[in-house]
Every structure is written in C-alpha cells, then in structure tokens.
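# Structural overview for review
Each chain is listed here by its residues.
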Amino acid sequence: MHDKIGLKARDLKRKKPFLEVISGDDLHRKSGVWMKIDRVIDRARNWYREMVVDPRTGKVVHHCEEPLTQHHGHGSARLKENAGVSAYRQTKTQESEDSMASDLRYPIGKFQWEENLNDERRRVLIDQIAETPAKMRAAVMGLNEKQLETPYREGGWTVQQVVHHLADSHMNAYVRFKLALTEKEPTIKPYDQERWAETADARTLPPEVSLTLLDSLHGRWVTLLRSMTKQDFLRILRHPELGTVTLERYLGLYAWHGRHHTAHITELKQRMGWK
Ligand code: NI
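Quick summary incoming for the structure in this document. Being a predicted model, the structure only gives us computed values, none of them experimental. (Residues numbered from 1 in each chain as written. Predicted model: local features only at pLDDT ≥ 70, side-chain atom pairs only at ≥ 80, totals over all residues. Heavy atoms only, no water.)

### Topic: the coordination of the nickel ion
Let me state the cut-off plainly: Each metal site lists N, O and S donors within 2.8 Å (3.2 Å for Na, K and Ca). With water left out of the atoms, a site can look as if it is missing ligands. Helix numbering and strand numbering both begin at the N terminus, where a helix is a DSSP run of H or I of at least 4 residues and a strand a DSSP run of E of at least 2. The cut-offs for exposure are 20% and 50% of the maximum accessible area for each residue type, with area from a 1.4 Å probe on protein chains only; residues under the lower value are buried, those over the upper are exposed, and the others partly exposed.
In this structure, H165 (NE2), H257 (NE2) and H261 (NE2) serve as the protein donors to the nickel ion, at separations of 2.1 Å. Ordering the donors of the nickel ion by residue number gives the pattern H-x91-H-x3-H. Here the residue H165 occupies a position in helix α4 (residues 159-182), and H257 occupies one in helix α8 (residues 247-272), the gap between them amounting to 92 residues. Looking at H165, the relative accessible area reads 2%, which means it is buried.

Structure, rendered in structure tokens:
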C-alpha cells in the first residue's frame, strides 16, 4: 500500500498556489523502488525543499533546499547510476545539473601532478597536510546529526562519509609513504574507496572518531614528511594502474586531497546557509 498526499494553499487572486506540500511514496520508475518523498514549494517565501529517502536503506538519495528562484524545473525525477553511486536528478534540467554537479565535485579545481618541487614548495605542501585535520574539524564543528547526514552534493557522500573517507584515504597514503621509504619500489595495494565509504563504520560513526584518527595519523605522517630529504621524495612506488609514482607526486596529491574534501563541506554549508 503506497500513499501520497498533496496540499495546495491558494490565494484566489493568483493562478499558482502559494504553498504546495507533497508527502508520501513515490515510485521511481527505472528501478521500480518506492521512495519516500517530501517536497515543499513555498512561493510566498521563495523556498524549495525536497527530500527523497530510500526506505530500504534509510539513505537520503536526494536533498535539496534552496530559494525557489534558484531552483530550475520540477520535472519528474529519476535516479541515475553513476560510477556505482546513485545520483538523483530532475529530468528537465539534466544538462545544467550535470555541469553544476561537476563544479560541486571539484570546489578547488581538479588535481594536477607536480614535479621537480623545490624546498619551498615542499614545505608549503607539507604544511597543508599538517593543517588538514584542524581545518576539517573546523568545517564540521557545530553541525547537527541531520546536517552531518546530508550529501555534500546530489548523489554524493554525506558530510560524515567525507570525513571518514579522508581517514580511509590518508591511512592508505601513510602506509604507502612508509613502504616506499623502507622497501625498493614496492607495489602498493589500491583500495575501492566507494565501497570503503559504504561500510558501516564509514556510514554511521560520528565524524569525531575519524577527526581524532586524523589528528594522530597526520601527527606521525607530518613528522615523517618533515624528516625526508629531497632524495627521499624521489623514491618510487609502483601503482598497478598508474605505473611508477614518486613520493613528491604523492605529496602534492594528498595536500590537494585534504583541501578538496574540506571544501566539499565548507561549500555545502555556504550553499545551505548553515552557520
Ligand atoms: Ni577523496
């Protein structure tokens, strides 16, 4: 039994209702799954809010809150499978939302490999890695449970998943540095970051658990990085897909990576008007 109720409040002088509320079950045609949907179109206060939850998993598959004038199109919605992550889109605005989604994905721009780093550049990158745990902590400070469970973009990880992903990724990074410094051109083990982000710990634990982990981990890692000579940064590891990679390349990658994910959260807060 599936139900959906709609409520429209109208001012007789105007054509469109000034308030529309839709709540209940909504069939997602492509997957045949009934989603829980809540939508408010508040024309009087220029506000649009939509929340879609998959009742099987309790996962928020879509959450959008913004001024109505910034929300384009209320077409029938559908899910799209994208690299194993469900993304929810409005059909009428597929193109504009795709281009917006790509911006939201790279708030500080895409990563570019750097080489032949001088002492000063290495120092800057190591400082960025040193600052990452405190910056991430500042980004999530004061957010409530509901905000922590909000995806940073449609179809993206929730705020707390982003924090746990940073710990997952940087634990692997630290091990890679240690291996490359202690073995000759070791072959590293890639990991499936999407699946790591879906295990119970990464989905459900409060961010504090990973923030504490990052404090300790970066404490070890930064001490290691600051002890490394120019020659150490030219040491090599083998990645099964990328081939050989120097540690100086990885230094740039992880300095970018911490800022990249922190910006996902600070940008979301700004868009949502969260303090
Ligand atoms: Ni990442």
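### Some remarks on the pairing of strand β8 (residues 236-239)
Stated formally: When DSSP finds two or more bridges between a pair of strands, those strands are recorded as paired.
Only one face of β8 is buried, namely the one carrying L237 and H239, since none of I236 and R238 on the opposite face is buried. In the sheet, β8 pairs with strand β9 (residues 243-246) via 4 bridges, with the strands oriented antiparallel. Bridging from a neighbouring strand, R238 pairs with T244 of β9. Taken together, β8 and the strand that follows it, β9, pair antiparallel across an intervening segment of 3 residues.

### A closer look at helix α2 (residues 119-140)
The condition is simple: A helix is expected to span 1.5 Å multiplied by its residue count minus one. A residue's bend is simply the angle between two axes: one fitted to the seven residues ending at it, one to the seven starting at it. Two residues form a contact once any of their heavy atoms are found within 4.5 Å. Each polar contact in these results corresponds to two N or O atoms within 3.5 Å; when the atoms are within protein, one needs to be able to donate a hydrogen and the other to accept it, and residues that are neighboring in sequence are counted only if both atoms are side-chain atoms.
Its 22 residues place the ends of α2 32 Å apart at the C-alpha level, agreeing with the 32 Å of an ideal helix rising 1.5 Å per residue. Residue T132 marks the point of greatest curvature in α2, where the axis turns by about 40°; the proline P133 follows within four residues. Burial in α2 covers these residues: R122, L125, I126, Q128, I129, T132, P133, M136, A139 and V140. Looking at the buried side of α2, the elements it contacts are α3 (145-148), α4, α7 (207-227) and α8. Sitting at the head of α2, N118 places a side-chain oxygen 3.2 Å from the backbone nitrogen of E120. Note on α2: the residue one or two positions beyond its end, G142, has a positive phi of about 85°.

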